[in-house]
Amino acid sequence: MRTRLDRIRHAVCFEVIGLILLVGVLSQLGFDGSHVGVVGIAFSILATGWNYIYNIWFDRMLYRRYKTAVKTTAIRIVHSLGFEAGLLVVTIPILSWVLKVTLWEAFVLDIGMVLFYLIYAYVYNIAYDRLFPIPAVQQD
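Residues numbered from 1 in each chain as written. Predicted model: local features only at pLDDT ≥ 70, side-chain atom pairs only at ≥ 80, totals over all residues. Heavy atoms only, no water.

Caption draft 1: Layout of the nonpolar core. If you look at the biggest cluster of nonpolar residues, it comprises 16 residues, and the most contacted ones within it are L26, L95, L99, L109 and M113. It is helix 3 (residues 73-99) that contributes the most residues to this core, five residues altogether. In this structure M113 touches L22, L26 and L95, once residues within four positions along its chain are discounted. (Core = buried A, V, L, I, M, F, W, Y, C linked by side-chain atoms within 4.5 Å. Buried < 20%, exposed > 50% of the residue type's maximum accessible area, 1.4 Å probe, protein only. Helix = DSSP H or I, 4+ residues; strand = E, 2+ residues; numbered from the N terminus. Contact = heavy atoms within 4.5 Å.)

Laid out in structure tokens, this is it:
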């Protein structure tokens, strides 16, 4: 099991490295790096809060409907899609306004960021687990 400190290190490093990569990529595509950075930080905070709220709601709904909190692969897919859809509803208008692009362009950009973070999360977690292996559970 990972410690609380390890989980905090994991989350902070994930966000910082992700923001650096995202700002670097989007600034190469012509977006103002400072705008992208501020939006990235705000969205990171928003996503963290949404994650907390959404997971509590989803687990309660799952338990109420199925009398279990165990998630099958299908339920995990629905869970992930619902999380991302909820986040998109909030972030698309903000992206459109801050970056001065159309809602469609903001949608495409937001979908691109979702795909970026899916790939990044996969690679990051593999690298993190190699750098900071999960401590062996000691049995008495």
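The structure having been displayed, the exposition proceeds.
Caption draft 2: Focus on the layout of surface pockets. In this model, the largest pocket occupies a volume close to 1100 Å³. Contributing to the lining of the largest pocket are 35 residues, with F14, A47, F83, E84 and Y117 lying nearest its centre. Those elements that provide at least two residues to the lining of the largest pocket are helix 1 (4-28), helix 2 (33-66), helix 3 and helix 4 (103-131). Its residues placed into classes, the lining of the largest pocket shows 22 nonpolar, 10 polar and three charged. (1 Å grid on protein atoms, 1.4 Å probe; cavity = no way out; pocket = protein on both sides within 12 Å on 5 of 7 lines; lining within 4 Å. Points joined across faces, edges and corners; volume = space filled by probe spheres on them. Nonpolar A, V, L, I, M, F, W, Y, C, P; charged D, E, K, R; others polar.)

Caption draft 3: Just the pattern of salt bridges, in detail. Taken as a whole and assessed by the stated rule, the structure comprises one salt bridge. In this structure, the salt-bridge partner of R9 is D6, at a minimum N-O distance of 2.4 Å. With R9 and D6 both in helix 1, this residue pair falls three residues apart, about one helical turn. Residue class for D6 comes out buried when judged on its relative accessible area of 7%. (Salt bridge = Lys/Arg side-chain N within 4 Å of Asp/Glu carboxyl O.)

Caption draft 4: Fine view of helix 3. The first and last C-alpha atoms of helix 3 sit 36 Å apart over 27 residues, in line with the 39 Å expected at 1.5 Å per residue. T91 marks where helix 3 bends most, by close to 30°; the proline P93 follows one to four residues later. When helix 3 is considered as a whole, its buried residues turn out to be I75, H79, F83, L87, L88, T91, I92, L95, S96, V98 and L99. Here the buried face of helix 3 lies against helix 2 and helix 4. Backbone geometry just downstream of helix 3 places K100 in the positive-phi region, at approximately 55°. (Expected span 1.5 Å × (residues − 1). Bend = angle between axes of the 7 residues up to and from the residue.)

Caption draft 5: Spotlight on the confidence of the model for the protein. When the pLDDT values of the protein are averaged, the result is 86; 96% of them are 70 or greater. Element-level mean pLDDT values for the protein span from 86 in helix 2 up to 89 in helix 4. (pLDDT = per-residue confidence, 0-100.)

Caption draft 6: The UniProt feature "transmembrane region" (unreviewed entry) in the protein, seen in detail. The UniProt entry lists residues 12-31, 37-57, 77-98 and 104-123 under the feature "transmembrane region" (unreviewed entry), expressed in the numbering used here. Between the first and last C-alpha atoms of residues 12-31 the distance is 24 Å; the span itself is 85% helix and 0% strand. (UniProt positions renumbered as here; feature names shortened; annotations may be inferred.)

Caption draft 7: Fine view of the packing of aromatic side chains. All chains considered together, the criterion is met by 16 aromatic pairs. Site record: aromatic cluster; members linked through ring pairs are F14, F116, Y117, Y120, Y124, Y128 and F132. In this structure, R9 packs its charged tip against the face of F132, placed 3.7 Å from the ring centre. (Phe/Tyr/Trp six-rings, centres within 6.5 Å; stacked < 30°, edge-to-face > 60°. Lys NZ or Arg CZ within 6 Å of the ring centre and 35° of its normal.)

Caption draft 8: Broad picture of the UniProt feature "domain: Chlorhexidine efflux transporter" (unreviewed entry) in the protein. UniProt annotation of "domain: Chlorhexidine efflux transporter" (unreviewed entry) refers to residues 2-62 and 71-133 when read in the numbering used here. With 89% helix and 0% strand, the stretch residues 71-133 has end C-alpha atoms that lie 25 Å from each other.

Caption draft 9: Looking closely at the environment of D6. Sequence-wise, D6 and F132 are 126 residues apart; in three dimensions their C-alpha atoms are separated by 8.5 Å. Here Y128 takes part through its side chain, which lies 2.4 Å from a polar atom of the side chain of D6. (Polar contact = N/O pair within 3.5 Å; in protein donor to acceptor, adjacent residues only side chain to side chain.)

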